[in-house]
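Observations on the three-dimensional arrangement
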Amino acid sequence: MSVSSYRGRFAPSPSGPLHFGSLIAAVGSYLQARSQGGRWLVRIEDLDPPREVPGAADDILRTLEAYGLQWDETVVYQSQRHDRYQSVLDDFYRRGLTYHCQCSRARIQTLGGFYDGHCRSLELPAERSSVRLRMNDPVSGFDDQRLGHIQVPAALAEEDFILKRRDGLFAYNLAVVIDDADSGITEVVRGADLIEPTVRQIALYRLLGAAEPGWLHLPLALQSNGLKLSKQNHAPALSGEAISPTLCQALAFLGQHPPPEMVGESPQVVLDWACAHWQPEKIPMQAQIQPI
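Rules used in this analysis
- Numbering of residues begins from 1 in every chain and follows the order in which that chain's sequence is written.
- Owing to the predicted nature of the model, reporting of local features is limited to residues with pLDDT of at least 70; listing and counting of side-chain atom pairs is limited to 80 or more, with chain, interface and lining totals taken over all residues.
- Values shown for side chains rest on all heavy atoms present in the structure; no hydrogens or waters enter the calculation.
- Here, a salt bridge means any Lys or Arg side-chain nitrogen found within 4 Å of an Asp or Glu carboxyl oxygen.
- A helix here means a DSSP run of H or I that spans at least four residues, while a strand means a run of E at least two residues long, and both kinds are numbered starting from the N terminus.
- A 1.4 Å probe rolled over the protein chains alone gives each residue an accessible area, and that area as a share of the maximum for its type sets the label: buried under 20%, exposed over 50%, partly exposed in between.
- Any two strands with at least two DSSP-identified bridges between them are counted as paired.
- For helices, the fitted line uses only the C-alpha atoms of the stretch in contact; every axis is such a line through C-alpha atoms, and the angle between N-to-C directions lies from 0 to 180 degrees.
- Note on definitions: a residue-residue contact is assigned when non-hydrogen atoms from the two residues lie within 4.5 Å.
- For crossovers, right-handed means that the path from the first strand over the helix to the second runs clockwise, given strands pointing away from the viewer.
- Roughly parallel covers angles under 35 degrees, roughly antiparallel covers those over 145, roughly perpendicular covers 65 to 115, and oblique covers all other angles.
- For this classification, the nonpolar set comprises Ala, Val, Leu, Ile, Met, Phe, Trp, Tyr, Cys and Pro, the charged set comprises Asp, Glu, Lys and Arg, and every other residue, Gly included, is treated as polar.
- Remark: nonpolar core denotes a set of buried residues (Ala, Val, Leu, Ile, Met, Phe, Trp, Tyr, Cys) joined through side-chain atoms within 4.5 Å.

Moving on to the pattern of salt bridges. As enumerated under the stated definition, the model contains 17 salt bridges in all. Between D179 and R43 there is a salt bridge, with the nearest N and O atoms lying 3.5 Å from each other. Remark: R43 occurs in strand 2 (residues 39–44) and D179 occurs in helix 6 (residues 172–182); sequence separation between them is 136 residues. Each member of the pair, D179 together with R43, is buried. D48 is paired through a salt bridge with R165; the nearest N and O atoms lie 3.4 Å apart. Taken together, the residues span a long stretch of sequence, with D48 in the loop between strand 2 and helix 2 (56–66) and R165 in the loop between strand 8 (162–164) and helix 6 at a distance of 117 residues. A residue is classified by how much of its surface remains accessible, and R165, at 31% relative accessible area, is partly exposed.

Have a look at this one:
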């Protein structure tokens with residue numbers, strides 16, 4: 001791959017403001033792209049309106065700009081791409097790759113959490129149904145730049161997973177693969193909480209006939225109680241103050257250790273230093289948030 005062909009991305013959901021865990025993913029994906037002379041894109045994953053916070057998308061973009069994380073190209077909004085997702089689903093249906101399912105979440109929980117293909121041959125109507133993929137060619141593992149080869153449980157790899165929910169909302173796995181393929185993303189850099197869905201996403205890439213990206217899953221920032229920093233766990237929003245110290249803290253978390261004087265520099269100076277010194281092989285297997 002030539003340096004100019006690298007295309008990375010950061011894809012937050014507007015369910016709240018960015019927090020430190022989000023910043024790690026943003027910084028890691030940004031540096032991986034910029035250090036290779038590549039392009040860095042931003043996509044707003046506004047796929048689930050009930051979970052979205054009004055104004056959060058604009059707040060996320062303002063925060064990225066404040067931290068010096070400037071994207072290339074136009075921001076993509078998943079809410080504007082429903083026709084594209086549906087066209088892929090229509091194609092899958094014509095190819096016999098999907099079917100309608102009316103099984104409840106409660107029923108699937110009684111099976112241990114993995115769907116058993118109950119509706120595969122029932123030819124149910126589209127009304128009040130979800131759309132599931134016929135997982136005829138499961139992917140059981142993949143190679144991650146940081147973690148090496150990752151194997152997932154057979155039950156996860158082989159499950160006929162949902163592509164469109166009963167409420168009409170498109171599923172994350174479908175949308176993210178279509179978006180990344182259409183954007184020409186060459187490597188996906190994101191948090192380790194998204195390792196398991198990767199095998200499902202690779203299966204979709206293959207069904208689309210699209211080039212599969214590389215994968216780099218970053219360590220998760222955890223709270224003192226062991227839960228990951230997330231909007232669901234009420235992680236505090238990034239502050240508009242002390243931006244450079246917070247960037248330095250994120251870099252330290254990722255195994256990159258800027259000199260102490262960087263704390264007093266502008267965000268752009270910190271990021272320029274980080275791009276010039278970025279060493280992904282130093283990203284730790286597990287990491288702790290270090291005080292600055």
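If you walk across this open sheet you meet the 3 strands as 4-5-8, and the pairing is antiparallel. The open sheet terminates on both sides in strands that have one partner only, identified here as strand 4 (98–101) and strand 8. Ignoring strand direction, the axes of neighbouring strands in this sheet form an average angle of 45 degrees. Sheet analysis places strand 5 (residues 130–133) next to strand 8, joined by 2 bridges and oriented antiparallel. Each bridged residue has a counterpart across the sheet, and for R132 the counterpart in strand 8 is I162. Each of strand 4, strand 5 and strand 8 is contacted by helix 3 (residues 82–94), which is oriented at about 125 degrees to strand 8, the strand it contacts most.

With that settled, the discussion passes to the pairing of strand 1 (residues 7–10). Burial of the side chains of strand 1 extends over both faces: R7 and R9 are buried on one face and G8 and F10 on the other. In this structure, strand 1 lies alongside strand 2, joined through 4 bridges in parallel fashion. When the bridges of strand 2 are listed, R7 appears paired with R39. In this view, the connection linking strand 1 to its parallel neighbour strand 2 by way of helix 1 (residues 20–34) has right-handed handedness.

Next up on the list: the packing of helix 1 against helix 8 (residues 243–253). Between helix 1 and helix 8, the shortest axis-to-axis distance is 10 Å and the interhelical angle comes to 75 degrees. Compared by their axis directions, helix 1 and helix 8 come out roughly perpendicular. Facing helix 1, whose interface residues are F20, L23, I24, V27 and L31, helix 8 presents T246, L247, Q249, A250, L251 and F253. For the contact of helix 1 with helix 8, the class distribution of residues is 9 nonpolar, 2 polar and no charged.

Bringing the sheet that holds strand 2 into the picture now. Pairing is parallel in the open sheet, where 3 strands are placed in the order 1-2-3. Of all the strands in the sheet, just strand 1 and strand 3 (76–77) have a single pairing partner and so form its edges.

So, about the nonpolar core. Across soluble globular proteins, you tend to see nonpolar side chains buried next to one another. L23, V27, W40, L64, L69, L247 and L254 are the most contacted members of the largest nonpolar core, which totals 42 residues. At 9 residues, the largest contribution of residues to this core is made by helix 1. Apart from residues no more than four positions distant in its own chain, L247 is found in contact with L23, V27, Y67, P267, V270 and L271.

In terms of strand pairing, strand 6 (residues 141–144) meets strand 7 (residues 148–151) through 4 bridges, oriented antiparallel. Its bridge partner lying in strand 7, G141 is registered against Q151. The antiparallel pairing of strand 6 with strand 7 creates a hairpin that spans 3 residues between the two strands.

With that out of the way, let us pick up helix 8. Of all the 11 residues making up helix 8, 10 are buried; the element is thus mostly covered by neighbouring parts of the structure. Of all the positions in helix 8, only I243, S244, T246, L247, C248, Q249, A250, L251, A252 and F253 are classed as buried. The inward-facing, buried residues of helix 8 contact helix 1, helix 2 and helix 9 (267–277). Count one or two residues on from helix 8 and you reach G255, which has phi positive near 80 degrees.

Attention now moves to the side chain of T246. With respect to the helices and strands, T246 occurs in helix 8. T246 has contacts with F20, L23, Y67, L238 and E241, leaving out every residue within four places of it along the chain.

So, on to the environment of A181. Residue placement: A181 occurs in helix 6. Residue A181 is classed as partly exposed on the basis of its relative accessible area, which comes to 27%. Counting along the chain gives 27 residues from A181 to L208, while the straight-line C-alpha distance between them is 8.8 Å. If near-sequence neighbours (up to four positions away) are discounted, A181 is found in contact with Y205 and A210.

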